Structure formats: C-alpha cells, structure tokens
Amino acid sequence: MLGLAVPHSWNDPETQDLWSLSTEESALLPGMTDKGRLGFAIQLKFMQLHGRFPERHDEIDPNATQWLAAQLGTTTEALSSYALNGRQGQRHQRTIRVFLGYRPATGDDLKQLNHWLCSEALPFDPQARHGRDLALDWCRIHHLEPPASDELNRTIRSAVRSYEAQQQAVIYSRLSASSKAAINRLLGEDDTDPDEADNENARSISFSSLKTDPGKASLDSLLVAIAKLKCIDEIGLAPEVFTDVPAKFIDQFRQRCSTESIRELRRHPVAIRYSMVAMFCWRRQQQLTDSLIDLLLQVIHNLGTRAEKKIDKKQFVAFKKIRGKARLLFKLAEATVDQPEGIIKEVVYPVVSKKTLEELVAEFKTMGFDFEREVQESMRSSYGHHYRSMLMPVLDALIFQSNNTVHRPVIEALAVLKANRDSRQQYYNAADVPLEGIVSTKLRDVVVEQDKNGKDRVNRINYEICVLRALRKRLRTKEIWVDGADRYRNPEQDLPADFADKRDNYYAMLDVPKDVAVFIEQIQSTLRQGLKTLNDGLPDNPKVRLRQQGKNLIHLSPLEAQTEPPNTAALKREIGQRWSDVELIDIVKEVDLRVNFTAAFRTTASREALDPALLQRRLLLCLFGIGTNVGLKRVASQQPSVNFEELRYVKRRFVQKEALRAAIGEVVNGIFQIRNPAIWGSATTACAADSKKFGAYDQNLMTEWHARYGGRGVMIYWHVDTNSTCIYSQLRRCSSSEVAAMMEGVLRHCTDMEIERQYVDSHGQSEVAFAFSYILGFDLLPRLKAIARQKLSLAASTDAAQYPNLEPILTRAINWELIRQQYDEIIKYTTALKLGTAEPEAILRRFTRAGAAHPTYKALTELGKAIKTIFLCRYLHEESLRREIHEGLNVVENWNSANNFIFYGERGEFATNRVADQELAVLSLHLLQVCLVYVNTLFIQEVLTEPAWRDRMTVDDWRGLTPLIYHHVNPYGRIELDMGRRLLLAA
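Residues numbered from 1 in each chain as written. Predicted model: local features only at pLDDT ≥ 70, side-chain atom pairs only at ≥ 80, totals over all residues. Heavy atoms only, no water.

A.B. asks: Would you mind going over the overall build of the protein with me for this structure?
C.D. replies: If you tally the helices and strands in the protein, you get 40 helices and 19 strands. In terms of C-alpha radius of gyration, the protein reaches 33 Å, essentially the compact-globule figure of 30 Å for 987 residues. Over its C-alpha atoms, taken along the principal directions, the protein stretches across nearly 120 × 80 × 65 Å. Looking at the protein residue by residue over its 987 residues, the buried ones come to 52%. Taking all contacts inside the protein whose residues are at least 6 apart in sequence as the whole, residues at least 24 apart take part in 75%. Between the centroid of the 130 positive side chains of the protein and the centroid of its 126 negative side chains there is a distance of 5 Å. (Helix = DSSP H or I, 4+ residues; strand = E, 2+ residues; numbered from the N terminus. Rg over C-alpha atoms; globule rule 2.2 N^0.38 Å. Buried < 20%, exposed > 50% of the residue type's maximum accessible area, 1.4 Å probe, protein only. Contact = heavy atoms within 4.5 Å. Lys, Arg positive; Asp, Glu negative; His and termini not counted. Charge placed at Lys NZ, Arg CZ, Asp CG, Glu CD.)

Here is the structure:
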C-alpha cells in the first residue's frame, strides 16, 4: 500500500529545496511575463509534490509562493491575476505534462485505479479515510494526471461500494441455512431501545440486549453474559465464514450494526442484512467472551477479598471484647523486660491477673489463630451457598486451553469438575484429581482430608475454590487462554506469524543487529562507560552522596527552586485584556474553521444525507456537550434550531472513537505547523506521560476502587509534549498497568511527533519496560520515588574493583547468557509491539512477577536491569537530566489541572456505565483541550511578535511559557454557536 505524504514545515531547509527550481526547470521560463513565470513555476512544483495541478489559489502555500517569487525576482502579487484554469494556465499545464511525462487519466485508468483500491488499499482502510491521498499517490506513480476532484471522489466512492458489496456477498454465501434462520429469529424479536436494555433477563436475550455492556462484577452479571454468549452461539458462526475478511472491515460493520435498530436492519437487502448481523455477532462474541472472563476473574477475586474482610471484621470485633488490651500488653511487656529471668507467678500475675489472661486465651481460641483457615471457611460458605451456581455455566461457555504442559493440571482439574457435574459426592478420591500446581502447601490440609480408614480424600468444595483461584492466576498471565476470545486469545496469535520468514526485515525495522554478540557488546560498552563516569564524578558531585549501611543508600539533594518568570503573569493579563471571556465553544469552532477536523467524522450508515454545513454545526455541538460533560440535552435546550434527537442521531451515526482520534491528530498536527520556532523552539521529541483519576458510575467493568487515591473511578492516561500539547489519551482501569499505557501511547499516537524521550513517574516504568524501550529506540526517563534504594548492575562480576566509589550500591553482574539464548524471542515480542499485532497490555501481561518462570521474561529482566543501570548512572551524574524529567512531568500536572476546568458537567464524574460512552467523553475532552492549546498558541504568538513584548521576555519567561492557560476562557453560561462569528486573530 502506498504511504501518505507527510506535511512539511517551512522551518526545514529540506522543504525549501522541494520548492526550489532546478536548472532544467528554469530553462522553461524564458520569454514569459512575471505573472506567467510565477504561475508556471507554482503549477510545476505543485504537480511534482502532489501529483496534480492546483484547482484553487488557496491550495497553494503562501510561503511557497513567496519562495518561488524570490527565486524568480518578482512579487507574489503577480499570482493574483493568474487564472489557473484560464487559457494561459491550461497551456502551461500541457507543457508541464510533457516535461514531467504525465498524461491525463482516461476511463480505463480509472477502472484500474478502482481495482487497485479494492485489492490493495481498502483491505487496510475500509472506510477510505485516506482514499484521496492514496489515489493521488497511485496516479503519481503511474505518471497520470488525476481527474477533477468531484470525479476522483466518485471513483473512490464507487470503489468503496464495490469493495463492501464484494465482501458482504462473500460472507453471505458462506453462511449456512441454519445460521440465516437463526439470524431471522434474532431479528424477529421486538425492538428495544439499547439505552433501556441494560437490565435484560438472562433467559430472554434480545438483539438489542446483545449491544449492551456487562454490569458490575457479580454472579447475576456473569450469568447474563453467559446467556448472551449462548444466544450468539446458536447462530453457529464458523471462523471459515470470515476467512480473509479484514478485521477493520468487520469492526466497521459491527459499529454500523450496533447503531441501527432492528427495523432499519430488516429493510436492508438480504446480502447486507445477513452479513452485517453476522459480522456484529462474530465480533460481539469475542467481546462478550473477554467480558465474561473479566467478570469471572473479578468474581473469583471478590470471593477471596470479601472473605478476608469478613474475617478481619470478625477479629476486630472480638478484639474489642476485652477493653484495654493495648494497656495490658504494655504492662505485660514492661514487667517481662524489667525482670527477664523472673518467675511468671511473681512477675506477670501482679501486673495482669491470671483470670484476665485466661479470658484473653479463651477469646483468641474462639476467634481462631489460623487466619488462612478462617478465610478458607468463609470462602467455602459463600461459594457453596451462592457463587457455585456459576461454575458449570462458565465451564460450558468457555473452552480453556494452554500451550505449556506445566499448566496442564489446571485444564485437567477443570475437566474433572465438568465430568462430575451431576455427581452429588462430597469428596473426590485423592488419586483421581490433580493437586500439584493447584492446591498450595498451606491449604493442603484444608483440601485433603482423611476418612475414618485413614485414606486421603479431597474435599470437593474446597478443591473447586482452589481450582478457580489457580485458573484466575494463569488467565491473568495468559498461560491459560480461551477459544474465541480476543484479549485472552492464544498468546501465539499475539506474535507476528511471518517472523521466521521476515526475520531480517524485522531486525532492520527495529534497527538492531542480527548478531546477538554485537548487541550485547554495545550494551556492555555503554554500561561500563556509564558506571565509570558516575564513579569518577561522584567525589565532586555535591548533590549525590552514598551511605554505607541501611536500606536507603543513595542520598539525593532536592532540586533548587527556579526563579519565578517576571513577565508571565503580565503576558496572561495582556491576553485576557485583548481576548476577554472567550467562549469555549467559539474556540472549538475557530479551530475547526482553520483545520476542518470535523471532516474526519464519517457516517456509519451507507450514505450521508445531511447538509455539510448543518452536519458541521451539529457535530461541534455534540463534541462540546460530550467533552464538557454537560450532556446533549442541555446543549440542545439552548439551541433554537436543533433538538436533542437530532444531536443524539449525529452522535450515534458520526461520533466514533476512531473518528475522534483522527480529529485529535488533525488538531495536534495543526499546532505543530503553526508553532513559531522563535517562540517555542524547534520541533520537540520529548513527551511526558501520567494518569489522572476521574470519578465514574460503578455498574460496569471499567470502574474500580483506586488503591492510592480512594473512591471509585477510572484513569485517563495522557501523553503530553513539553509544549503542553497532548498527543494521545487512553481510558484505563485504576488497576491497569501504567507501563502498558505508556508504551501504547508511544507506539500508537496518530500525530507527526517522533518520540525519542519519554518521561514517566515510578508507576510508568519497570525493568521490562526499560528493555522494550531500548529496542524500540526511545529513552525511558522515569522520576523514581524509591531512588534511595536503587542498585547498579555490573557488566561482569570482575568489574566491581573498578568502581570503588559505587561499592555500596553495586549488585551482581548481568546474566548475558540469558539474553543471548532468548535474543530472537525478545525481538519477536518487540516486533509484535511495533506492528500492533496485539495490545501492549496483552503482551506485557505475560511478563510480570506472576509469570517469573517464563524464560523470555527472565531475559527481558536482565536486559532491563542493564538499561536501567545506564539510566541511573546518567540520572545521578547529571542534575540537568533530573531537572529535565521533573519539568516534563510538571507539564502533565498542568494538563491535568485544565481537565477539571473543561470537564465540569456532573461535577467531573463520568455519568454513564457504557464503556464506549466513557471513551467518547475522554477523547472529546482531549479534543476540546487541544483546541484550547491551538488558539492560545495563536494568541501568544500574536502578542509576542510585537517588539515591545518580545524585548520584555527573559530566559525564565521563555522557560515558563505555556499555551495551556484558561483564565480568559468562559466554558459556562449559555451555549451559543454562531458559525459566522470569528475570533479576532491574524490569518
């Protein structure tokens, strides 16, 4: 597939070279007037860069016009009277075609283009979001002048329709008669509003209820999810139906199907109707399987945690029965310490009476000393009376498998439970069930009992609990996987299937040596150099001191406070005076009029019937209502020309996650293009990442209780560059891995920024993260909370004597042999991260302490220790690096402070239990905030281009300059969107 053209910046000398005339090109110009020479040069260079002639003057970059005019010794005013489609312009176009070897595209050429789009382009981008760029690239490669915009767009739309019809016909032909009959029965149900279908009974699943998300982790939610899976299983969709059908195509029509009612689905032709419902059910089956596993894991976890809380509460209540236990314990301790060799009757009883001690003994005997046994008994009671009813439905709905023989006992144990489903026996024969790897040593006495004859037998209820807990542990590390799941699928599917065939290509893509010896030698050299630099500089480093004893061996002096910028406050006041009380919705509208980010929103239906201007207005209102959390009803109530149902329709049909990400990418790239390097510096390659907790309704699987911040909610993980522009955002669970979130943002952001340095806090780093970041080619730069306890690894055990100043914090040498053995596997997993064959969290789930036996995990840990040591040497040696990281993370904190200002509706809490709506709210908030940064960048640049203000700025002012300010913005009050009113800004 052809690549897209990357936008150029006029601050780059290479861009000017693209618009510079060569000697051969200049030879075409003699004999022309100034107007003709400039017009000819513009059309020539535009054709070379874009593969077509410009149709309007506003398509031509004014900087390009000025650059060409300077080369020709004329002025840009000459171009204003040059008609691009006039006789002179068309004559010039014929000359340029001959010079460049181009010819106009014919009907046969357009048929070939149509075929190429269907076979090569659309499988990767079924919605043809970049179809125009791809078509122009194809024409340029074949030296064809593309047709006019309208005709080219018709060709692309025709290709999309042909491709969709072809794929739908293939799926329809592969569906069996029984599957079609099941789909008919599913669509024969009464239509129900999806917003009101959350409480469907598990025994009467309708098509509308299949669209809803599971509720909070509970037995009822789990059983409803199983019922939904059974409903889809009845359709009998086989994997062969979707062979060679692109996943993006399936997702596109799943989304379209989920937005249509049953009444609308029934009106489609049979090929479209059956194929669309089949794609929806196929993808929904995977999602429901993942959700069911999430529910199962959470229910098993709750079973244990609730039992522990119950026993804790019981012990606490019992502890309060005899008052003054702490005082009695103090007296007892004081007496025994003063007379350690005394007789108990003479030393203890005068202080604490024998009767009181007897009561204490009786009390604790009643409570029980074995906490684990008490917890197990509580779990047994809860499981036997309530949760056990989920076991067989789960085993029937999910097929568990494993690629590792070490974990086969869990699979075998599940088979035993399923085989004895109808048995009423309370015990299993100990020889008939696997125990190793399922029942821990401390619980063996609880599970394995002896009968009256002294023969071992297994308590069935306790054994089932142990099996479920072992299953949870291995599902989380993907050592056990589930047929038909997506996130919990076979881990081998996460890796590139063609790695063996394209091994050399993938090594070249990652820019790493194929020879592991060269790879290790490079790291060893850098590691030794880092240790030597830190060792030699430590005596003269007043900010770092090493202690000889204790846990906290590294003493690092805090950074000194920087000088307060003297003119930053005055600059903000000036902006507030020039642009006071700017409405937030006007800011969003202004950015759209400049960047046209609403063009990224395409309908999920087969065609768009709304007028473009009307759609643009409604999209802006929808995005504002979602991004501020005030809701569509409140926005619609203040609009005389639009109602709630119209906004709801636009949201359902147009506002999708992928479209929002594309719109954010347009605005962020627009910010990069308008930045004045004299004010903001050259293009940044540094980014900071951190999370922020938001409150959220808790009847869903996303919302969790936050262990550090308290309260139920979700996390939003932001990636913000050093000039306060967020390039990526993610909705995460409170307990999810911030390391995975960090890596996803670096790899998946859809902007022109290249990340070379990534700042994170302690939760965003790990040894595995250091290993992957090194191979992926970016520096992971964390601010470590536990810096005092860090250790430095050696390249070889014999090197310790070379670093006498570092002796207190040196630890063992890196095991290079492990890296050597697993080098190919390390590169394979890194390739999977780079290509996106699986989410970073799915891959990193295998490389946690719970899966410490994994050989690749051990090798990654060793590699990570080496890279982390290199970083620590730099971090301790260079105060400038510590300050750089601190300043970068402060930018994220400033970004978080603006979240509450924009996302003010419902007190900043996500007032929905639908995860899809929560994601839309996050991305809409992100879009609104980068729009604010875009306009503030223009405001600041307009002020600072004035010599009086520019001369006032000091070094500290430039350092503290940020476009993320909002004192002059009014997000509240009446929401009035006037598309004809513009902000007073320079063009």
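So that's the structure; there's more coming.
A.B. asks: Honestly, the side chain of Thr-65 in this entry has me stumped. Any pointers?
C.D. replies: With respect to the element layout, Thr-65 can be found in helix H4 (residues 62-72). The exposure class assigned to Thr-65 is buried, which follows from its relative accessible area of 7%. Leave out the neighbours within four places in its chain, and Thr-65 touches Leu-38, Ile-42, Ile-60, Thr-76 and Leu-79.

A.B. asks: Explanation requested: the sheet that holds strand S4 (residues 427-429) in the structure shown.
C.D. replies: To summarise the sheet geometry, strands pair through backbone hydrogen bonds and adopt either a parallel or an antiparallel arrangement. Spatially, S4-S6-S5 is the arrangement adopted by the 3 strands of the open sheet, whose pairing is antiparallel. The sheet is open, and its two borders are formed by S4 and strand S5 (448-450), each paired with just one other strand. On average, each strand axis in the sheet is inclined to that of its neighbour by 45 degrees, with strand direction left out of account. Two elements, S4 and strand S6 (residues 456-459), share 3 bridges in a ladder whose sense is antiparallel. Across the sheet, the residue bridging to Tyr-427 is Asn-459, located in S6. (Pairing = 2+ DSSP bridges. Axes fitted to C-alpha atoms, helices over the stretch in contact; angles between N-to-C directions.)

A.B. asks: When you look at a negative patch on the surface in this model, what are you seeing that I'm missing?
C.D. replies: On the surface, a cluster of negative charge is contributed by Asp-752, Glu-754, Glu-756 and Asp-779. With respect to the secondary-structure elements, Asp-752 resides in the loop between helix H32 (738-748) and strand S15 (757-761). (Patch = residues over 30% accessible without salt bridge, like charges linked within 9 Å, V, L, I, M, F, W, Y side chains within 5 Å. Areas by Shrake-Rupley, 256 points an atom, 1.4 Å probe, with all protein chains shown as cover. Salt bridge = Lys/Arg side-chain N within 4 Å of Asp/Glu carboxyl O.)

A.B. asks: Before we go on, may I ask you to explain the pattern of salt bridges in this structure?
C.D. replies: For the coordinates displayed, the defined rule picks out 53 salt bridges. Among the salt bridges present, the one from Asp-498 reaches Lys-502, with a minimum N-O distance of 3.3 Å. Lys-502 gets classed as partly exposed once you look at its relative accessible area, which sits at 37%. Connected through salt bridges with shared partners, the residues Asp-251, Arg-283, Lys-478, Asp-486, Arg-489 and Asp-494 form a single ionic network.

A.B. asks: So what exactly am I meant to see when it comes to the environment of Ala-121 here?
C.D. replies: Tracing the backbone shows Ala-121 in helix H6 (residues 107-121). Considered as a pair, Ala-121 and Gly-131 are 10 residues apart in the sequence and their alpha carbons are 7.8 Å apart.

A.B. asks: Can you help me understand the nonpolar core in this one?
C.D. replies: In summary, soluble globular proteins display a tendency toward joint burial of nonpolar side chains. In terms of nonpolar packing, the biggest core is built from 172 residues, with Phe-597, Leu-806 and Leu-927 touching the most fellow members. Looking at this core, the element that brings in the most residues is helix H38 (residues 915-944), giving 19 residues. The residues touching Phe-597, leaving out its near neighbours within four places in the chain, are Val-588, Val-591, Asp-592, Leu-620, Leu-623, Ala-663, Glu-666, Val-667, Leu-927 and Cys-931. One finds Ala-217, Leu-292, Met-390 and Val-482 within the second-largest nonpolar core, a separate group that totals 108 residues. (Core = buried A, V, L, I, M, F, W, Y, C linked by side-chain atoms within 4.5 Å.)

A.B. asks: Please clarify how the packing of aromatic side chains should be interpreted in this entry.
C.D. replies: Aromatic ring pairs: the centre-centre distance and the angle between the two ring planes describe each pair. Taken as a whole and judged by the stated rule, the model has 22 aromatic pairs. Aromatic pair Phe-499 and Tyr-506: ring centres 5.8 Å apart, planes at 10 degrees, arrangement stacked. Residue Phe-499 is classed as buried on the basis of its relative accessible area, which comes to 3%. Residue class for Tyr-506 comes out buried when judged on its relative accessible area of 8%. Taking 4.9 Å as the distance between ring centres and 80 degrees as the angle between the ring planes, the aromatic pair formed by Tyr-829 and Phe-847 counts as edge-to-face. Of this pair, Tyr-829 sits in helix H34 (residues 816-835) while Phe-847 sits in the loop between helix H35 (840-844) and helix H36 (855-877), and the two are 18 residues apart along the sequence. Judged by relative accessible area, which is 4%, Tyr-829 ranks as buried. (Phe/Tyr/Trp six-rings, centres within 6.5 Å; stacked < 30°, edge-to-face > 60°.)

A.B. asks: I keep staring at the pairing of strand S13 (residues 712-721) and nothing clicks. Help me out?
C.D. replies: Where a strand is regular, its side chains alternate between the two sheet faces. Along S13, 9 of the 10 residues are buried, which leaves the element largely enclosed by surrounding structure. Summarising the sheet, strand S11 (residues 686-695) and S13 pair through 9 bridges and their orientation is antiparallel. When the sheet's bridge partners are listed, Ser-691 is paired in S13 with Tyr-717. The sheet contact formed by strand S12 (residues 704-705) and S13 spans 2 bridges and is antiparallel. Looking across to S13, one finds that Trp-705 is bridged to Arg-712. Where S12 folds back on S13, the antiparallel hairpin that results is connected by 6 residues, among which Gly-710 adopts a positive phi of roughly 75 degrees. Inspection of the sheet shows S13 paired to strand S14 (residues 726-732) by 6 bridges, in the antiparallel sense. Directly across from Val-720, in S14, lies its bridge partner Cys-726. From the end of S13 to the start of S14, which pair antiparallel, there are 4 residues, and Ser-724 there has a positive phi angle of about 65 degrees.

A.B. asks: What should I look at first to understand the state of the cysteines in this one?
C.D. replies: As used here, a disulfide is simply a covalent bond connecting the sulfur atoms of two cysteines. What the rule picks out here adds up to 0 disulfides. Sulfur of Cys-118: no disulfide; nearest cysteine sulfur belongs to Cys-139 and is 15 Å away. (Disulfide = S-S within 2.5 Å.)

A.B. asks: Explanation requested: the pairing of S6 in the structure shown.
C.D. replies: Alignment of S5 against S6, held across 3 bridges, turns out to be antiparallel. Counted as the bridge partner of Gln-450 is Asp-456 from S6. The antiparallel pairing of S5 with S6 creates a hairpin that spans 5 residues between the two strands, and Gly-454 there sits at a positive phi of about 80 degrees.

A.B. asks: What's the story with the packing of helix H24 (residues 516-537) against H34 in this structure? I'm lost.
C.D. replies: For any two helices packed against each other, the geometry is given by the interaxial angle and the distance between the axes. Between H24 and H34, the shortest axis-to-axis distance is 10 Å and the interhelical angle comes to 145 degrees. The crossing of H24 and H34 is right-handed. Only Trp-816, Ile-819, Arg-820 and Tyr-823 of H34 make contact with H24, whose side of the interface consists of Val-516, Phe-519, Ile-520, Ile-523, Gln-524 and Leu-527. Of the residues in the contact of H24 with H34, the class split is 8 nonpolar, 1 polar and 1 charged. (Left-handed = near helix turned anticlockwise from the far one by under 90°. Nonpolar A, V, L, I, M, F, W, Y, C, P; charged D, E, K, R; others polar.)

A.B. asks: Would you explain the side chain of Asp-294 in this entry?
C.D. replies: Within the secondary structure, Asp-294 sits in helix H14 (residues 270-319). Discounting chain neighbours no more than four positions away, the residues touching Asp-294 are Arg-487, Tyr-488, Leu-701 and Arg-733.

A.B. asks: How do you make sense of the confidence of the model for the protein when you look at a structure like this?
C.D. replies: Regions with low pLDDT should not have their predicted coordinates read in detail. Residues of the protein with pLDDT of at least 70 account for 94%, and the chain-wide mean is 88. For residues 1-8, every residue scores under 50 in pLDDT, and the model assigns this stretch 18 contacts once sequence neighbours within four places are set aside. Within the model, the stretch residues 195-203 combines pLDDT values under 50 with 16 contacts to residues more than four positions away or in other chains. (pLDDT = per-residue confidence, 0-100.)

A.B. asks: Please clarify how helix H8 (residues 149-174) should be interpreted in this entry.
C.D. replies: Side chains that are three or four residues apart share a direction in an α-helix, a result of its 3.6 residues per turn. With 26 residues, H8 extends 38 Å between its outermost C-alpha atoms, agreeing within 8% with the 38 Å of an ideal straight helix rising 1.5 Å per residue. Inspection of H8 places Ser-149, Leu-152, Thr-155, Ile-156, Ala-159, Val-160, Tyr-163, Glu-164, Gln-167, Gln-168 and Ile-171 among the buried residues, and these make up the whole buried set. (Expected span 1.5 Å × (residues − 1).)

A.B. asks: How do you make sense of helix H25 (residues 568-578) when you look at a structure like this?
C.D. replies: Within the span of H25, buried status applies to Thr-568, Ala-570, Leu-571, Glu-574, Ile-575 and Gly-576. Contacts from the buried residues of H25 go to H38, helix H39 (947-952) and helix H40 (955-960).

A.B. asks: Explain the environment of Ile-262 here, please?
C.D. replies: Relative to the helices and strands, Ile-262 resides in helix H13 (residues 262-266). The class for Ile-262 is buried, based on a relative accessible area of 1%. Between the alpha carbons of Ile-262 and Tyr-488 there is a distance of 31 Å; along the sequence they are 226 residues apart.

A.B. asks: Would you take a moment to explain the packing of helix H3 (residues 34-50) against helix H5 (residues 87-100) for this structure?
C.D. replies: It is at 10 Å that the axes of H3 and H5 come closest, and there the two elements cross at 45 degrees. In terms of orientation, H3 and H5 fall into the oblique class. Handedness of the H3/H5 crossing: right-handed. Together, Lys-35, Gly-36, Phe-40, Gln-43, Leu-44, Met-47 and Gln-48 of H3 and Gln-88, Gly-89, His-92, Gln-93, Thr-95, Ile-96, Phe-99 and Leu-100 of H5 make up the contact between the two elements. The residue makeup of the contact of H3 with H5, split by class, is 6 nonpolar, 8 polar and 1 charged. (Parallel < 35°, antiparallel > 145°, perpendicular 65-115°, else oblique.)

A.B. asks: Help me understand unusual backbone geometry, please; the structure alone is not making it clear to me.
C.D. replies: Trans is the prevailing form of peptide bonds, just as negative phi is the prevailing case for residues other than glycine. Backbone geometry places His-143, a non-glycine residue, at a positive phi of 55 degrees. Tracing the backbone shows His-143 in the loop between helix H7 (131-141) and strand S2 (144-145). Phi angles above zero are rare outside glycine, and Asn-596 is one such case at about 65 degrees. The topology assignment puts Asn-596 in the loop between helix H26 (584-595) and helix H27 (612-627).

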